[in-house]
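Survey of secondary and tertiary structure
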Protein chains: 2
Amino acid sequence: MTTSGEVLLSQYMAELRQEVDQALAEVTTYAAGCPQVLADAIRHILLAPGKRLRPMLVLMASDACGHRSNATIASACAVEMIHTYSLIHDDLPAMDDDELRRGLPTVHVVYGEANAILAGDALLAQAFEVVACCDASADQVVRCLQVLTEAAGPCQLVGGQVDDLRAENTVGNVEQLQKIHERKTGAMFRVSLRLGGIAAGATDEQIVRLDTYGRYLGLAFQIVDDLLDEQGDVEQLGKQTGKDTEHGKLTYPALMGAKESQDLAADLIRQACEQLEPFGETAESLRQLAYFVLERNN
Amino acid sequence: MTTSGEVLLSQYMAELRQEVDQALAEVTTYAAGCPQVLADAIRHILLAPGKRLRPMLVLMASDACGHRSNATIASACAVEMIHTYSLIHDDLPAMDDDELRRGLPTVHVVYGEANAILAGDALLAQAFEVVACCDASADQVVRCLQVLTEAAGPCQLVGGQVDDLRAENTVGNVEQLQKIHERKTGAMFRVSLRLGGIAAGATDEQIVRLDTYGRYLGLAFQIVDDLLDEQGDVEQLGKQTGKDTEHGKLTYPALMGAKESQDLAADLIRQACEQLEPFGETAESLRQLAYFVLERNN
């Protein structure tokens, strides 16, 4: 990436993040019926500074296809809400037992376990509500909800997390690890790209290409995540490091070494970018984002 | 209710229950990607003998409007899946800490806390998937998902549960208790009726009447639930009794006495049935179900 490219991407990403942050703040301004403690617990973590990678992927995918609809920003909010619900539940004492997230104490540390479970539940249901109630065509809304509900369900996001927990302290191999992360991380990356495509009215071929880009990007993201957990800085990451080793988790560096993991991530990013060729210039931000994922330090 | 009416209702309810049980078994036959332990945890409680009240309300509401569509049985599955997810999470040690449900040990007792949280999460996401993927018109599917996601969200089901937990060991009044149960129990009763109406292509007036019936029925159901917790039989109920007193929960009998609670429930049932008058004969099962709720012993 050129220096001017980096500056452009960083400006563009800041704009997209601001757009997403504002939309998330709006959808979590609750009317009567929502207890204050629940609203506070949800907003504590949802509105904390996050990378907003998944919602950015939705917006960038729509942009790559040359059109945004009302389903674009609704889907962007939904994927961030689902990602955040999964963080809240994964951080619980019964799961990964983490105390730091997005630079803040985790939801259960501040609001207690019961409220953390319920805040996650509420975010999951509301994520689908945001899409169901957006001002787009019924056909588009149904297609978005079909792919989104599947990605968040027992065979994808939740199934991946179950297998990730079960793989702790076991002897595993790279294929097994990849199978976990294709569901635990990959499903939400892929569906973010698909949603952006569907919301833009993309062709089936475009959606398949976006989906494949998302698949490679998701795996690369997870490899870098494992490397950062081993080598990263708590302050920059905003979450605890060394947790994978502590929990005896399967990780890429543990299974194949740090250098080989880094090389694999770089190779996946190259393959991701190949999928974008037919899109031309409109996919430039997705291309640059892929390299940002590879080189990120948080 | 006459004796022949009782026999007819009991036959009809048995038929509806069988229809729902079969549909639930089908949607939880998972393909690859869903870990066996997750499928087992979900099916352990979802397929255990339940009253199936909420899905029966969906089917009966469509029948009252003279038409079932594919959205009817999909919505019936969805409300039972959402109800079951809420039971799994409410039973967790961090919440009500219950060990018996539907006559079986609770999910966290058998499969551990992490798997119980994740089984609930998976059921919630999949409930919406079942509706999103059903073979009905996109307009109907979107309307169903709009009301269903709202009912399961922070201002309704989840908000009610948060306030219910917060009200433990506090001095409360009947208004406060009603506000909790209108969200914790009432929202899912009401939406079951609305879904049945929407799936049947009912008029707005019919849907409002069904919704109001559901509101009265839900409150009556909760009052009877409180009475059963105080006086009921563990074996018949299939769950622990006396838990409300143990947890210092607000209940109707504690706030207004057992006799007055029973009278209030009977009055609510009468009001519920008034809403059904314009439907005539097609609403007979909803009418009889209301009296079944009042007189139930499990």
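Before reading on, note that the structure itself is shown above.
These lines cover the structure that appears in this document, whether it is placed above or below. (Residues numbered from 1 in each chain as written. Chains lettered and ligands numbered in written order. Predicted model: local features only at pLDDT ≥ 70, side-chain atom pairs only at ≥ 80, totals over all residues.)

1. Points about the relation of the copies chain A and chain B
Each copy superposes on the other: chain A lies on chain B with an RMSD of 0.0 Å after a rotation of 180° and an axial shift of 0.0 Å. Both chain copies can therefore be described as sitting about a two-fold axis. Among all residues of chain A, the one whose C-alpha sits closest to the rotation axis is alanine 138 of chain A, at a distance of 2.7 Å. The residues that chain A uses at the interface reappear at the interface of chain B in 100% of cases, marking a shared surface. (Least-squares fit on C-alpha atoms with pLDDT ≥ 70 in both. Contact = placed C-beta atoms within 7 Å.)

2. Concerning the interface of chain A and chain B
Of the residues lining the interface, 46 residues belong to chain A; the matching set on chain B comes to 46 residues. Secondary-structure elements contributing two or more residues to the side of chain A that touches chain B are α2 (36–46), α6 (113–132), α7 (138–151) and α8 (157–166) of chain A. In terms of residues, the side of chain A that touches chain B owes the most to one element, α6 of chain A, which gives 13 residues. Of the residues contributing to the side of chain A that touches chain B, the split by class is 29 nonpolar, ten polar and seven charged. (Helix = DSSP H or I, 4+ residues; strand = E, 2+ residues; numbered from the N terminus. Nonpolar A, V, L, I, M, F, W, Y, C, P; charged D, E, K, R; others polar.)

3. Things to note about the nonpolar core
In this structure, Ala220 of chain A together with Ala220 of chain B are the most contacted members of the largest nonpolar core, which totals 194 residues. Discounting residues that sit within four places of it in the chain, alanine 220 of chain B has contacts with Ala265, Leu268, Ile269, Ala272, Val293 and Leu294 of chain B. (Core = buried A, V, L, I, M, F, W, Y, C linked by C-beta atoms within 7 Å. Buried ≥ 20, exposed ≤ 12 C-beta atoms within 10 Å, placed from the backbone.)

4. Describing the environment of cysteine 34 of chain B
Residue position: cysteine 34 of chain B is located in the loop between α1 (3–27) and α2 (36–46). Not counting chain neighbours up to four residues away, the residues in contact with cysteine 34 of chain B comprise Pro154, Cys155 and Gly159 of chain A together with Ala39 of chain B.

5. A look at the environment of aspartate 63 of chain A
All names here are of chain A. With respect to the helices and strands, aspartate 63 occurs in helix α3 (residues 53–64). For the pair formed by aspartate 63 and leucine 100, sequence separation is 37 residues and the distance between their alpha carbons is 34 Å. Beyond its immediate stretch of four places on either side in the chain, aspartate 63 contacts Arg68, Thr282 and Ser285.

By themselves, these are just geometric observations and shouldn't be taken as functional.
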